[in-house]
Amino acid sequence: MRPARFLLSILLAAACMSCTKKTWTPFDYGEFVPIETTPAPRTVQARLMDATSSTLTIQWSVSSFKDGAQDCRTPWKIGLYRDAAATQAVAEWTCSPGLFRTGESALKFQVPCFFFTGLEPGKTWYFKAEAEDCSGVFPFETTQFTRQEKTSNPSRPGDLLLGEDFSEFVWGPHQGIFSVGYAPLHPDLVPKILPVDPSGTRSNYYLRTNEFYLPWEALQKTTRLSEWDMMPPRVNWVRDLTQVYPTPLGIQVYGGLSSAVVLPPLPALTKPSTVRVRIKTSKLSDGATLLVYTTTAASYELNSEGLSPGMIPIASFQRTGTEGRWSLYETVLHNLVSPYRIGISASNVEFVLKEVSLDVLNQDVYDLTTVVPDVTINAPASHNYATGDLQVLVTPSPWVLRYQVDYAPLGSDAWQTKTFDVWYNYENPQVGVRLEGLSIGQTYRIRVQGIGLLDDRTQVFEGTGVPRRSF
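Quick caveat, the model's predicted, so the values are computed rather than measured. (Residues numbered from 1 in each chain as written. Predicted model: local features only at pLDDT ≥ 70, side-chain atom pairs only at ≥ 80, totals over all residues. Heavy atoms only, no water.)

Looking now at the overall build of the protein chain. When you go through the protein chain residue by residue, the secondary structure sums to three helices and 29 strands. Out of the 471 residues belonging to the protein chain, those deemed buried represent 46%. Partitioning the intrachain contacts of the protein chain with sequence separation of at least 6 by distance along the chain shows that 69% fall at a separation of at least 24. Of the roughly 24000 Å² that the protein chain leaves accessible, carbon and sulfur atoms contribute 52%. (Helix = DSSP H or I, 4+ residues; strand = E, 2+ residues; numbered from the N terminus. Buried < 20%, exposed > 50% of the residue type's maximum accessible area, 1.4 Å probe, protein only. Contact = heavy atoms within 4.5 Å. Areas by Shrake-Rupley, 256 points an atom, 1.4 Å probe, with all protein chains shown as cover.)

Right under this line is the structure:
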């Protein structure tokens, strides 16, 4: 083993002695000259998030909408104009850095977004976003809509009775999209809802990103909605105005009969008319049953028990399509005549009512005599051993306001009568009346007939019932 190692060391030494040493010379790159770089110019982009007949919700960015923090660190001057040269201002605001922070974190930013309100329908508007090193002008359009205040002139087929898009409500941000809107510092001191003059002082206004609640009862009389009603009484509940309140998008409604929006009286309906009702609502209403009610002034008069007739359901809306973030519905009402009023609500769902249009289709009377009441007669347990009860339940038919129940013992002509209004209950759609103090075991003849808007009547349902004893 040792001779092998000795021989290997001699060979390695000989190899090293045969190597020639070379000197390395570094490459001469010359004098270092720094390259001056110019940052790429920033480009503003803008996109439409929502459009209605009176509002535009617009986002803008210098990061192609990829870096909200970068977009929000930039001081912006924004505006909406009537012309492409951006000289005829509708609204102008300065947005400071940090304005578009989310509420839950001071370090988290949203894409800059502004909510422009109080616009005219069916027009092109020009949005401008301007920073120190970039700017851009972009056209956007409001949707088509015809506004029409109520009139006393007798209506004819083809007339537009009412067209309302709630464009007068201009304070606050878009409720469904993170955005900035403006509001007065002291709304209770402002006598009327007015848009801010872009050329005037704005010291009494500020920009906000959360919902803004209007002092409705104080400002209603100064708007086109002065004769509207927000919550017709049905029973002696406390009037809670937060269930129906105006927003810059429209009327916010928390569904249920106690939260109906009641349209103004329609004195133009001097003849019984078939009226088409079209509405636009937020998509929160999708899947809900939107109902049309009718009422008169008498529905607002409480009786001695603190109850009122309430509103009577006469039709349900059918969904006809969508328009951006909004859903479209319509329904047709028959035999509508003044002084009946229309109310709109939904089956326990929150939604925004953005547009309402009523137009007269014809003035032919709808014939209720073709309708047969759908009646169920029950014999509930009697409250005592001497007399019995019968319960008469009806599934309401459209255009029927109330039902008349006539009853008499079999073989007798001693008829007694009870009438009851149609009170709608979402959990139990049947309405009815309880016939009390009847003879147990006696067969009773029962007739039920519906009564319409014009005091017209349905066919008569005939049946029998036998009260039973409680055990």
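Still to come is the rest of the account.
Spatially, E15-E21-E17-E18 is the arrangement adopted by the four strands of the open sheet, whose pairing is antiparallel. Pairing within the sheet leaves two strands with one partner each, and these edge strands are strand E15 (261–262) and strand E18 (312–316). By the bridge criterion, two bridges tie E15 to strand E21 (residues 341–346) in an arrangement that is antiparallel. Paired with Val261 across the two strands is Ile344, which belongs to E21. (Pairing = 2+ DSSP bridges.)

Looking now at the nonpolar core. Ranked by size, the top nonpolar core spans 101 residues in total, and within it Trp76, Ile78, Phe127, Trp171, Ile342 and Leu358 carry the most contacts. What Ile78 contacts, discounting residues up to four positions off in sequence, is Trp60, Ala91, Glu92, Trp93, Cys95, Phe114, Phe116, Phe127, Lys128 and Ala129. Membership of the second largest hydrophobic core comes to five residues, among which are Ala260, Val262, Leu291 and Met311. (Core = buried A, V, L, I, M, F, W, Y, C linked by side-chain atoms within 4.5 Å.)

Across the sheet, which stays open at both edges, the four strands sit in the order E26-E25-E28-E29 with antiparallel pairing between neighbours. Among the strands making up the open sheet, the edge pair consists of strand E26 (416–421) and strand E29 (457–465). Strand-to-strand, the axes of this sheet are offset by a mean angle of 20°, without reference to chain direction. Here strand E28 (residues 444–452) pairs with E29 via seven bridges, running antiparallel. Looking across to E29, one finds that Ile451 is bridged to Arg457. (Axes fitted to C-alpha atoms, helices over the stretch in contact; angles between N-to-C directions.)

Right, let's talk about the packing of aromatic side chains for a bit. All told, the structure shown has 13 aromatic pairs when counted by the stated rule. Centroid distance Trp60 to Phe127: 5.4 Å. Interplanar angle 45°. Geometry classified as tilted. One end of the pair, Trp60, is in strand E2 (residues 56–61); the other, Phe127, is in strand E8 (residues 124–130), with 67 residues separating them in the sequence. Given a relative accessible area of 0%, Phe127 falls into the buried group. Among the aromatic residues, ring-to-ring pairing joins Trp60, Trp76, Trp93, Phe100, Phe114, Phe116, Phe127, Tyr182 and Tyr205 into one connected group. The ring of Phe65 has Arg47 sitting right over it, with the charged end atom 3.8 Å from the ring centre. (Phe/Tyr/Trp six-rings, centres within 6.5 Å; stacked < 30°, edge-to-face > 60°. Lys NZ or Arg CZ within 6 Å of the ring centre and 35° of its normal.)

Here the focus is the state of the cysteines. Within the structure shown, the criterion is met by zero disulfides. Between Cys72, a cysteine without a disulfide, and Cys95, which holds the nearest cysteine sulfur, the sulfur-to-sulfur distance is 9.6 Å. Overall, the relative accessible area of 1% leaves Cys95 in the buried class. (Disulfide = S-S within 2.5 Å.)

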